[in-house]
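Close look at the chain arrangement
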Amino acid sequence: MDPNLIFAYLTSAVAIFVLSDCLIKLYTERHRLIKEELNNDDLIYASKLAFFIALPLVAFIDLRATEIVASYLGAQVTGVTYGFIWFNADLSDIFASVKEPYLLPTLFAGSLTQIALALLLLPALAFRPHPLFSAVVAYLAAFLLGYNLLADPLLGLIGQGVPRFAYLAHRLTQSPDAISIYIASFYAISALVYIAILKSNRVRLWFSGLTKPALAQKLRIILKEARTQAAQTAQTEGTRHDLSLINMGLLYLRAGMNSRVRGILKEMKADAALSLEYALLDGLLAFNKQRYSKARKCFEAANALVDNPPLKSRLLAAAACSAFAAGDTKAALDLADRSIGFDDTCIVARMVKVDVYLCRQDKEACAQEIMVAMHMGLELDLKDKVPISIDEALALMAQEQAKVWPPGQAAEAEEIREKILR
């Protein structure tokens, strides 16, 4: 048997296994179906489910649409081998029997049908369905469009997949006609529009409103307040401006709008070479992008800029998380111990120690650390606390800033703290 065919069937088997696992998790973890706010793990699950639904849809729709249009025009697709996420077929009868100008539309029937399906899925999101359903539908539409507008043209031009784009390129270079120019222009313009939409911060904020409605609403409020305060002078703003910026930056980070976060970091850096707010936001962005070594340096730099013991503890615990994620268990344990030295109730630091002990297979020390945490009444749930509890850190920062503000602005400081905790 052809080794390439064996590899193709193995790939299909893996795709079937992963899709089955996703569907099983949809039942076993059905609490996701009632969640009103999705976290990053939920979004990863939704994207995986959508991707492995899109793969068989691409192959099936492409094959069936081509067969239907070809049969209508008196041609046949022969020698079909279907493999769930791929198919092989002999299209020679199409090239021999279908006359111009119907040949290119026949070859592109499957691709155009998939694009139409993706566009028809999007109006469902206007009704703001459940967050998990919204995420799956949005990712499914994005994958279908991405495959047909970006991946399929590339595969066709390098000689893989259905030879529609190779034939289109041949027609354009040899004897261009209206139909080939129209199809090429449609795909080129659609691909550019698709990329622009994916990079649009407005679209990302809209997607966050579907999957994280509370966060998106909070971000809209912060943006509205920022616009109303823009006319105030820098002298009036003082350190509050930095706190507002980092609060906005962290909301952008949660919404997945990293380009806006980088813009806020540039704005912060223009005001000061290094500040607590800048170091914390830069560290969280680096951690989110899995640049753990940089994240650790940023959190340690932030720790050096504060004197508040609970805040120092949280920043050191974040540095310990980064060190552990980077594979440096020795540094992670040292940083976790330093964090507990400032505040022994820091659950993140204690759980980092548990992870380090598990890596070292020190079950006795691991059990002891868990027992200490339970005896202290600490909640072992680390949801939204890794590498640092953002709301808790911002509240501590607001308290510190309130101490150095003029007496007349104390109420204003408390108001900012209440907004952060909402």
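Residues numbered from 1 in each chain as written. Predicted model: local features only at pLDDT ≥ 70, side-chain atom pairs only at ≥ 80, totals over all residues. Heavy atoms only, no water.

From N to C terminus, the protein includes 21 helices and two strands. The burial tally for the protein puts 44% of its 422 residues in the buried class. Partitioning the intrachain contacts of the protein with sequence separation of at least 6 by distance along the chain shows that 65% fall at a separation of at least 24. For the protein, the exposed area adds up to about 22,000 Å²; of that, 62% sits on carbon and sulfur atoms. (Helix = DSSP H or I, 4+ residues; strand = E, 2+ residues; numbered from the N terminus. Buried < 20%, exposed > 50% of the residue type's maximum accessible area, 1.4 Å probe, protein only. Contact = heavy atoms within 4.5 Å. Areas by Shrake-Rupley, 256 points an atom, 1.4 Å probe, with all protein chains shown as cover.)

Among the surface-exposed residues, Leu154, Leu155, Leu157 and Ile158 lie close enough to one another that they form a single nonpolar patch of about 390 Å² accessible area. By the element assignment, Leu155 lies in helix α6 (residues 131-157). (Patch = residues over 30% accessible without salt bridge, like charges linked within 9 Å, V, L, I, M, F, W, Y side chains within 5 Å. Salt bridge = Lys/Arg side-chain N within 4 Å of Asp/Glu carboxyl O.)

Quick look at the pattern of salt bridges now. With the rule as written, the count across this model stands at 17 salt bridges. Between Asp177 and Arg171 there is a salt bridge, with the nearest N and O atoms lying 2.5 Å from each other. Residue Asp177 is classed as partly exposed on the basis of its relative accessible area of 27%. On the basis of relative accessibility, which here comes to 5%, the residue Arg171 falls in the buried class. With a closest N to O distance of 2.5 Å, Arg350 and Glu369 form a salt bridge. Linking Arg350 in helix α18 (residues 347-359) with Glu369 in helix α19 (residues 363-375), this pair joins segments that are 19 residues apart in sequence. Residue Arg350 is classed as buried on the basis of its relative accessible area of 7%. One connected set of salt bridges, linked through shared partners, spans Glu29, Arg32, Lys35 and Asp42.

Turning our eyes to something else, we now look at unusual backbone geometry. For the bond from Glu100 to Pro101, the omega torsion is 5°, close enough to zero to count as cis. You will see that Phe84, though not glycine, has its phi angle at about 70°, which is positive. Structurally, Phe84 can be placed in the loop between β1 (78-82) and β2 (87-90). A relative accessible area of 24% places Phe84 in the partly exposed class. Backbone geometry places Gln361, a non-glycine residue, at a positive phi of 60°.

Our next topic: empty space enclosed by the protein. Summed over the entire model, instances satisfying the criterion amount to two cavities of 30 Å³ or more. Every residue lining the largest cavity is listed: Asp62, Thr66, Phe87, Leu91, Leu107 and Val162. Considered class by class, the residues forming the lining of the largest cavity number four nonpolar, one polar and one charged. The calculated volume of the second largest cavity comes to roughly 30 Å³. Forming the walls of the second largest cavity are Lys218, Asn247, Leu250, Leu251, Arg254, Ile390, Asp391 and Leu394. Breaking the lining of the second largest cavity down by element, the ones donating at least two residues are α12 (239-254) and α20 (390-404). Considered class by class, the residues forming the lining of the second largest cavity number four nonpolar, one polar and three charged. (1 Å grid on protein atoms, 1.4 Å probe; cavity = no way out; pocket = protein on both sides within 12 Å on 5 of 7 lines; lining within 4 Å. Points joined across faces, edges and corners; volume = space filled by probe spheres on them. Nonpolar A, V, L, I, M, F, W, Y, C, P; charged D, E, K, R; others polar.)

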